[in-house]
Amino acid sequence: MLSPKRTKFRKQHKGRIHGPAKAGTSLNFGAYGLKAMEPERLNAREIEAARRAITRHMKRAGRVWIRIFPDVPVSKKPAEVRMGSGKGAPEFWVAKVKPGRILFEIDGVDLETAKEAMRLGQAKLSINTKFIARTV
């Protein structure tokens, strides 16, 4: 699974995800892509599951680019713990995704294979996404 090698700080504030994506909104590497349509936090497990589904359907033909990286730590306190005594330990890593952001790109396969691979990848993600193709 994806996670940063090291970070400046162990814990971060939750924050809010609002507004459209400023960067990463166009296909830069592949011919086909998967675009996020709503703001959400995607955890490293979801990203990895989607990547596996996409590459499995492509039968390792072509190339896959992951355009997001889970660099935000999410902390949780254990169940049934009283209030106070600080913030919980970091549990998992998430990527904050804004609407319009390209999540995955693929190239080296035909349109039908790409559509089906991305459909299988979409099922692993907790947000609405849209299949896009490069216009010639």
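Residues numbered from 1 in each chain as written. Predicted model: local features only at pLDDT ≥ 70, side-chain atom pairs only at ≥ 80, totals over all residues. Heavy atoms only, no water.

1. Side note on the layout of surface pockets
In plain terms, the rule: In this analysis the probe radius is 1.4 Å and the grid spacing 1 Å, with only protein atoms considered; a cavity is a set of points the probe fits into but cannot get out of, a pocket is an open set with protein on both sides within 12 Å along at least five of seven lines, and lining residues have an atom within 4 Å of a point. Grid points are joined across faces, edges and corners, and a volume is the space filled by probe spheres set on the points. For the purposes of this entry, the term helix denotes a DSSP run of H or I that reaches at least four residues, the term strand denotes a run of E that reaches at least two, and both are numbered from the N terminus. Side-chain classes are defined by residue name, with Ala, Val, Leu, Ile, Met, Phe, Trp, Tyr, Cys and Pro counting as nonpolar, Asp, Glu, Lys and Arg as charged, and the others, Gly among them, as polar.
In this structure, the largest pocket occupies an estimated 150 Å³ of space. Here the lining of the largest pocket gets four residues from one element, more than from any other, and that element is strand 4 (residues 72–76). Here the residues of the lining of the largest pocket sort into four nonpolar, three polar and five charged.

2. Let's talk about helix 1 (residues 44–57)
Since the α-helix packs 3.6 residues into each turn, any two residues three or four apart lie on the same face. Stated formally: A helix is expected to reach a length of 1.5 Å times the quantity of its residues less one. Burial status follows relative accessibility: with a 1.4 Å probe on protein chains alone, a residue under 20% of its type maximum counts as buried, one over 50% as exposed, and anything between as partly exposed. Polar contacts, as used here, are pairs of N or O atoms within 3.5 Å; protein pairs need one atom able to donate a hydrogen and one able to accept it. Residues neighboring in sequence count only if both atoms are side-chain atoms.
The end-to-end C-alpha distance of helix 1 is 20 Å, a good match for the 20 Å that 14 residues give at a rise of 1.5 Å each. All buried positions along helix 1 are accounted for by Ala-44, Glu-46, Ile-47, Glu-48, Ala-50, Ala-53 and Ile-54. Two or three places before Arg-45, at the opening of helix 1, Asn-43 has a side-chain oxygen 3.2 Å from that residue's backbone nitrogen. Directly after helix 1, the chain includes Lys-59, whose backbone phi takes a positive value near 55 degrees.

3. Observations regarding the sheet that holds strand 6 (residues 102–107)
The condition that has to hold: A pair of strands is labelled paired if DSSP reports no fewer than 2 bridges between them. To obtain an axis, a line is fitted to C-alpha atoms, over the contacting stretch when the element is a helix, and the angle between two such axes runs from 0 to 180 degrees between their N-to-C directions. Here, residues are in contact when the closest pair of their heavy atoms is within 4.5 Å.
Strand order in the open sheet made by the four strands is 3-6-1-7, with antiparallel pairing throughout. Edge positions in the sheet fall to strand 3 (63–66) and strand 7 (129–133), since each of these pairs with one other strand and no more. Neighbouring strand axes in the sheet, compared pairwise and without regard to direction, differ in orientation by 20 degrees on average. In terms of strand pairing, strand 1 (residues 32–36) meets strand 7 through five bridges, oriented antiparallel. If you follow Lys-35 over to strand 7, its bridge partner there is Lys-130. The strands that helix 1 touches are strand 3 and strand 6; relative to strand 6, the one it contacts most, it runs at about 20 degrees. Running over the sheet, helix 2 (residues 111–123) touches strand 1, strand 6 and strand 7 and is turned about 160 degrees from strand 7.

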